[in-house]
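The chain contents come next:
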Amino acid sequence: EDKVVQSPLSLVVHEGDTVTLNCSYEVTNFRSLLWYKQEKKAPTFLFMLTSSGIEKKSGRLSSILDKKELFSILNITATQTGDSAIYLCAVESRGTVSNFGNEKLTFGTGTRLTIIP
Amino acid sequence: EPEVTQTPSHQVTQMGQEVILRCVPISNHLYFYWYRQILGQKVEFLVSFYNNEISEKSEIFDDQFSVERPDGSNFTLKIRSTKLEDSAMYFCATAEGAGLATYEQYFGPGTRLTVT
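All of these numbers come straight from a predicted model, not from anything done at the bench.

Draft legend 1. Expanded view of the sheet that holds strand S6 (residues 56-58) of chain A. Residues and elements named next belong to chain A. Across the sheet, which stays open at both edges, the five strands sit in the order S1-S3-S8-S7-S6 with antiparallel pairing between neighbours. The strands lining the two open edges of the sheet, one partner per strand, are strand S1 (3-7) and S6. Adjacent strand axes in the sheet meet at a mean angle of 15°, parallel and antiparallel pairs treated alike. Alignment of S6 against strand S7 (residues 61-66), held across three bridges, turns out to be antiparallel. Note on S7: the bridge partner recorded for Ser 58 is Leu 61.

Here is the structure:
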C-alpha cells in the first residue's frame, strides 16, 4: 500500500522564522512528488518534483526531492502570517487498471503551520 | 487564471438518497479525478477518468459510485444511495495531460456533502 508521511503534524512559529516541512514516502510506480497549500478548502498547487537534487523555488518557498532516500522537504523563509495553512505532500503514482491516464495522488496527513505575528 | 469549478458548494441529503456532484474542468484539460476528504482526515483518491473511461479507481469507489462526462464539459460524480460515512468534502481535480510526462493536478474548491 502506498504511504506518505509528513512531519511535524503541527508547527507554530513567529513571523520571520524559517521553517522546514518534511515528507517521506513509500510508493510503487513513483512519478512525481507534489506540494500543495490548503487554507480553507481546495489544495492549491505549489511545486511538482520529479528529479532528485534539483531545487524548485518560488519566492520564499523552495523544495527539493531525494529519490534515493525517498523524501522531500519544503522550506519557507521569512515566514508571514499569510503562510499559515496546512501544507500537503502528495506522491503521484501510476495505477494498475489501465495503461494510460491512471495516475493518482496519495496524500500525507499534512503539516498545520501557524505563524504568530 | 483558469480554475476548476464545482457545484454545489454544500449539499445536505438524507441517507439512501442519490446525489450528483458536478465539476467543470479547466478547458484544455483532458484528465479528471475525484478525491474526498473526511473531516480531519487525509485527502483520498477515488477515481481517475480519461477518454470517457475510468482509468483507475480506489477501493473506496465501489458500486455505489459512478462518474461520467455527460455533455463534454461537466464531469460528475454520482453516489447512488448515500450513507452516513459518505459525508466528506469531495474535490474534483483536472490535469492537462498524463502518461509519459508529468502534469500537475489542479483542484476545485470542493463540495461539502453532509448525509443525515
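Now that the structure is up, let's keep going.
Draft legend 2. Looking closely at the side chain of His29(B). Residues and elements named next belong to chain B. Inspection of the secondary structure assignment puts His 29 in the loop between strand S3 (19-24) and strand S4 (31-37). Residue His 29 is classed as buried on the basis of its relative accessible area, which comes to 6%. A distance of 3.4 Å separates a polar atom in the side chain of His 29 from the backbone nitrogen of Ala 95. Ignoring sequence-local partners within four residues, the contact set of His 29 consists of Thr 94, Ala 95, Glu 96 and Tyr 106.

Draft legend 3. Focus on the nonpolar core. Judged by nonpolar contacts, the single largest core of 22 residues is most densely connected at Trp34(B), Leu46(B), Phe61(B), Val67(B), Phe75(B), Leu77(B) and Tyr90(B). Among the secondary structure elements, those contributing two or more residues to this core are S3, S4, strand S5 (43-50), strand S7 (65-68), strand S8 (75-79), strand S9 (88-95) and strand S11 (111-115) of chain B. By size, the runner-up hydrophobic cluster in this structure holds 21 residues, among which are Cys23(A), Tyr25(A), Phe47(A) and Ile115(A).

Draft legend 4. Region of interest: the pairing of strand S8 (residues 71-76) of chain A. All names here are of chain A. Strand direction decides the pairing type here: strand S3 (residues 19-26) and S8, joined by six bridges, are antiparallel. Bridge pairing links Cys 23 to Ser 72 in S8. As defined by bridge partners, S7 adjoins S8 across six bridges and the pair is classed as antiparallel. Counterpart to Leu 65 in the pairing with S8 is Ser 72.

Draft legend 5. Main features of the state of the cysteines. Under the criterion given, the structure shown has two disulfides over all chains. Sulfur-sulfur distance for the disulfide between Cys23(A) and Cys89(A) comes to 1.9 Å. Measuring the twist about the S-S bond at about -65°, one finds the Cys23(A)-Cys89(A) disulfide to be left-handed. Pair noted here: Cys23(A) is in strand S3 and Cys89(A) is in strand S9 (residues 85-94), with a separation of 66 residues, a long-range link. Accessibility expressed as a relative area gives 0% for Cys89(A), which makes it buried. Two residues share a disulfide in this structure: Cys23(B) and Cys92(B), whose sulfurs sit 2.0 Å from each other. Taking the sign of the S-S torsion, -60° for the link of Cys23(B) and Cys92(B), the bridge is left-handed. Of this pair, Cys23(B) sits in strand S3 while Cys92(B) sits in strand S9; the two residues are 69 residues apart in sequence, bridging distant segments of the chain. Exposure class is identical for Cys23(B) and Cys92(B). Each is buried.

Draft legend 6. Summary view of the packing of aromatic side chains. Per the counting criterion, the structure on display carries 16 aromatic pairs over all chains. Centre to centre, the rings of Tyr25(A) and Phe30(A) are 5.0 Å apart; their planes meet at 15°, and the pair counts as stacked. Accessibility expressed as a relative area gives 22% for Phe30(A), which makes it partly exposed. Judged by centre distance (6.0 Å) and plane angle (40°), the rings of Tyr36(A) and Phe107(A) are tilted. Residue Tyr36(A) is found in strand S4 (residues 30-38), and its partner Phe107(A) is found in strand S10 (residues 103-107); the two are separated by 71 residues along the sequence. Three or more aromatic residues joined by ring pairs form one cluster here, namely Tyr36(A), Phe45(A), Phe107(A), Tyr33(B), Tyr35(B), Phe45(B), Phe91(B), Tyr106(B) and Phe107(B).

Draft legend 7. Local environment of the pattern of salt bridges. Residues and elements named next belong to chain A. Under the criterion given, the structure shown has six salt bridges over all chains. With a closest N to O distance of 3.8 Å, Arg 31 and Glu 92 form a salt bridge. Here Arg 31, found in strand S4, pairs with Glu 92, found in strand S9; they are 61 residues apart in sequence, far enough to count as distant. As far as the burial class goes, Arg 31 and Glu 92 line up, both buried.

What counts, and where the lines are drawn
- Residues numbered from 1 in each chain as written.
- Chains lettered and ligands numbered in written order.
- Predicted model: local features only at pLDDT ≥ 70, side-chain atom pairs only at ≥ 80, totals over all residues.
- Heavy atoms only, no water.
- Pairing = 2+ DSSP bridges.
- Helix = DSSP H or I, 4+ residues; strand = E, 2+ residues; numbered from the N terminus.
- Axes fitted to C-alpha atoms, helices over the stretch in contact; angles between N-to-C directions.
- Buried < 20%, exposed > 50% of the residue type's maximum accessible area, 1.4 Å probe, protein only.
- Polar contact = N/O pair within 3.5 Å; in protein donor to acceptor, adjacent residues only side chain to side chain.
- Contact = heavy atoms within 4.5 Å.
- Core = buried A, V, L, I, M, F, W, Y, C linked by side-chain atoms within 4.5 Å.
- Disulfide = S-S within 2.5 Å.
- Phe/Tyr/Trp six-rings, centres within 6.5 Å; stacked < 30°, edge-to-face > 60°.
- Salt bridge = Lys/Arg side-chain N within 4 Å of Asp/Glu carboxyl O.

These values are about where atoms sit, not about what they do.
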